[in-house]
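Listed below, chain by chain, are the residues.
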Amino acid sequence: MPPYFEMDDSVSMQTTSTSSKKRNPRETSYSSSSPSKESRIVPWMMNSSLMPRIALLASVGARSQMQGVLEPANCPDALVIKGNVLSLLNSLLKERKALENAMHAVSHLVHLEWYWGEWDGMWAHMRGLKEMMRLRGGMGKIEDEKLRWQLILTDYELACCFDQDLFLLQPETFEHKAQPLPVPYPGDFNCPLLDFVTSFVEIREIWGLTLEAAETLNEMRAITVSILSSSLPNSQIQVEEIRTKAKDVHAHLLSRQQAMGSIPAPNEPNLITITIISAALAYTTSISTLTPLSSDAPSSHFSSPITREAFYATLWSVPLSCWKKMPGIFLWVLLVACPSSGNNPHGRYLKRKMTVAALGMAVEDFDLARACLDGFWRVGAWVRNNGGVGGEEVVNEEEPFEL
């Protein structure tokens with residue numbers, strides 16, 4: 001357990017009924033339940049005794065990384081501030097009603113350790129959060145809505161990036177539910193991880209996508225939906241049908257990639273297309289060969305350092321201002337690339353951008369962001385479990401709760 005975790009069960013069993021779910025009046029099928037930054041999140045941070053110190057810790061750590069002198073874990077300034085934060089956490093946990101405030105702070109520490117590549121410390125904080133959740137009575141007993149959203153997003157982000165099961169929520173790994181048809185949801189959030197009534201080809205002009213990019217995204221959506229809508233345990237025939245479909249699409253993608261590679265001076269739409277095709281090749285390789293995206297096996301698309309470096313070069317050749325116009329597509333690209341990115345400057349930067357993209361979407365519509373992350377995580381679980389053939393259901397340890 002982390003050093004700040006010095007408490008017993010009696011501290012946190014002061015649970016009350018969960019607060020009612022507040023909805024944003026914007027009319028979408030994924031109606032937004034996200035908190036207003038101005039009315040809720042910012043005031044809480046300003047009144048917190050811990051958050052200013054955690055912000056200072058983040059700043060000192062970022063400065064240390066940018067200077068390239070010391071990693072944040074070895075930076076004396078960062079160590080002093082971190083010790084102060086942990087000491088305050090210890091004091092906070094002695095108060096009977098401060099558990100959720102402490103969970104807020106620890107969840108931010110999780111992200112800091114993650115961004116710094118200090119994964120041992122990150123998982124120690126996650127174990128601390130899991131124990132605090134248990135003492136609180138489970139996710140459904142957490143009264144603070146924004147804390148629930150923060151914990152859920154963090155759990156999904158880590159599960160997607162490390163290509164593993166969820167750690168805090170522990171839902172039924174093999175319970176695949178067809179994604180609800182979101183009619184409508186904001187077109188800017190259109191993502192190949194969710195079904196949609198309009199194809200990418202029909203709306204590609206919104207983002208200035210090439211026809212090749214739009215067709216690739218349609219194919220990724222079709223494969224994703226076929227996996228998410230399949231009943232489990234899958235039969236071998238079902239699995240082979242999906243794998244064959246992914247293999248056929250992969251062959252077409254190779255032809256598209258070769259054609260795009262012959263362009264002497266690719267412009268911005270071409271660079272976006274090349275990035276999307278590269279991510280799609282990794283995605284279809286994983287599904288057709290049942291090889292996790294995190295695998296360094298030769299069959300994995302990003303196992304080659306040359307392929308990975310070429311992907312990074314193309315991805316970041318596109319201005320972030322351009323990617324921000326298509327957050328759903330950008331999130332999918334980053335999710336595909338994260339599991340194989342490793343603990344290095346490129347990988348850490350990629351993970352930071354993925355969490356920012358997911359958070360940006362969640363601020364607008366939490367349910368939509370969660371559905372995207374959930375869809376990607378379920379595809380990864382399908383691959384890890386060989387298509388779910390004969391898979392045993394994992395019982396959910398959490399009691400049901402309304403998000």
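Conventions we followed
- Residues numbered from 1 in each chain as written.
- Predicted model: local features only at pLDDT ≥ 70, side-chain atom pairs only at ≥ 80, totals over all residues.
- Heavy atoms only, no water.
- Helix = DSSP H or I, 4+ residues; strand = E, 2+ residues; numbered from the N terminus.
- Buried < 20%, exposed > 50% of the residue type's maximum accessible area, 1.4 Å probe, protein only.
- Contact = heavy atoms within 4.5 Å.
- Areas by Shrake-Rupley, 256 points an atom, 1.4 Å probe, with all protein chains shown as cover.
- Axes fitted to C-alpha atoms, helices over the stretch in contact; angles between N-to-C directions.
- Parallel < 35°, antiparallel > 145°, perpendicular 65-115°, else oblique.
- Left-handed = near helix turned anticlockwise from the far one by under 90°.
- Nonpolar A, V, L, I, M, F, W, Y, C, P; charged D, E, K, R; others polar.
- Polar contact = N/O pair within 3.5 Å; in protein donor to acceptor, adjacent residues only side chain to side chain.
- pLDDT = per-residue confidence, 0-100.
- Disulfide = S-S within 2.5 Å.
- Phe/Tyr/Trp six-rings, centres within 6.5 Å; stacked < 30°, edge-to-face > 60°.

(A) Region of interest: the overall build of the chain. Looking only at helices and strands, the chain has 16 helices and zero strands in total. By the burial criterion, 52% of the 403 residues in the chain qualify as buried. The long-range share in the chain, meaning contacts at least 24 apart out of those at least 6 apart in sequence, stands at 73%. Counting only carbon and sulfur atoms, one obtains 54% of the accessible surface of the chain, whose full area is about 17500 Å².

(B) Local environment of unusual backbone geometry. Here the phi dihedral of Asp163 falls at roughly 55°; this positive angle occurs in a residue that is not glycine. Topologically, Asp163 is positioned in the loop between α7 (145–161) and α8 (200–203). Backbone geometry at Leu290 places phi at a positive 55°, although glycine is not the residue there. Residue placement: Leu290 occurs in the loop between α11 (268–289) and α12 (305–315). Overall, the relative accessible area of 15% leaves Leu290 in the buried class.

(C) Looking closely at the packing of α7 against helix α15 (residues 345–364). Direction vectors running N to C along α7 and α15 enclose 140°, while the axes themselves pass 11 Å from each other. By the criterion of interaxial angle, the relationship of α7 to α15 is oblique. Regarding α7 and α15, the two cross each other, and that crossing is right-handed. The segment α7 lies against α15, with Leu153, Glu157 and Cys161 engaging Lys351, Met354, Thr355, Ala358, Leu359 and Ala362. Here the residues of the contact of α7 with α15 are counted per class, giving six nonpolar, one polar and two charged.

(D) A look at the environment of Ser288. Here Ser288 shows up in helix α11. A relative accessible area of 13% means that Ser288 is categorised as buried. Taking the C-alpha atoms as reference points, Ser288 and Ile242, 46 residues apart in sequence, are found 7.5 Å from one another. Residues contacting Ser288, with those up to four places away along its chain left out, are Arg243, Ala246 and Lys247. A polar atom in the side chain of Ser288 sits 3.3 Å from the backbone oxygen of Thr285.

(E) Region of the structure containing the confidence of the model for the chain. Averaged over the chain, the pLDDT score is 80; the fraction of residues at 70 or greater is 79%. Every residue in residues 4–39 is under pLDDT 50, and counting partners more than four places away or in other chains gives 102 contacts. For the stretch residues 172–176, pLDDT sits under 50, and the model shows 22 contacts to residues farther than four places along the chain or on other chains.

(F) Seen up close, the packing of helix α5 (residues 99–116) against α15. As a packed pair, α5 and α15 sit with axes 8 Å apart at the nearest point and diverge in direction by 145°. Packed against α5, whose contacting residues are His111, Trp114, Tyr115 and Trp116, the element α15 presents Arg348, Lys351, Arg352, Met354 and Thr355 at the interface. Of the residues assigned to the contact of α5 with α15, the class counts are four nonpolar, two polar and three charged.

(G) Structural view of the state of the cysteines. Tallied over the entire structure, the rule returns zero disulfides. For the unlinked cysteine Cys160, the closest cysteine sulfur is that of Cys161, found at 7.0 Å. Classification of Cys160 as buried rests on a relative accessible area of 2%.

(H) Quick peek at the packing of aromatic side chains. All chains considered together, the criterion is met by 13 aromatic pairs. On the numbers, 6.3 Å between centres and 40° between planes, the contact of Phe200 with Trp207 is tilted. Each member of the pair, Phe200 as well as Trp207, is classed as buried. Aromatic side chains Trp316 and Tyr349 sit 5.0 Å apart centroid to centroid with 70° between the ring planes, which places their arrangement in the edge-to-face category.

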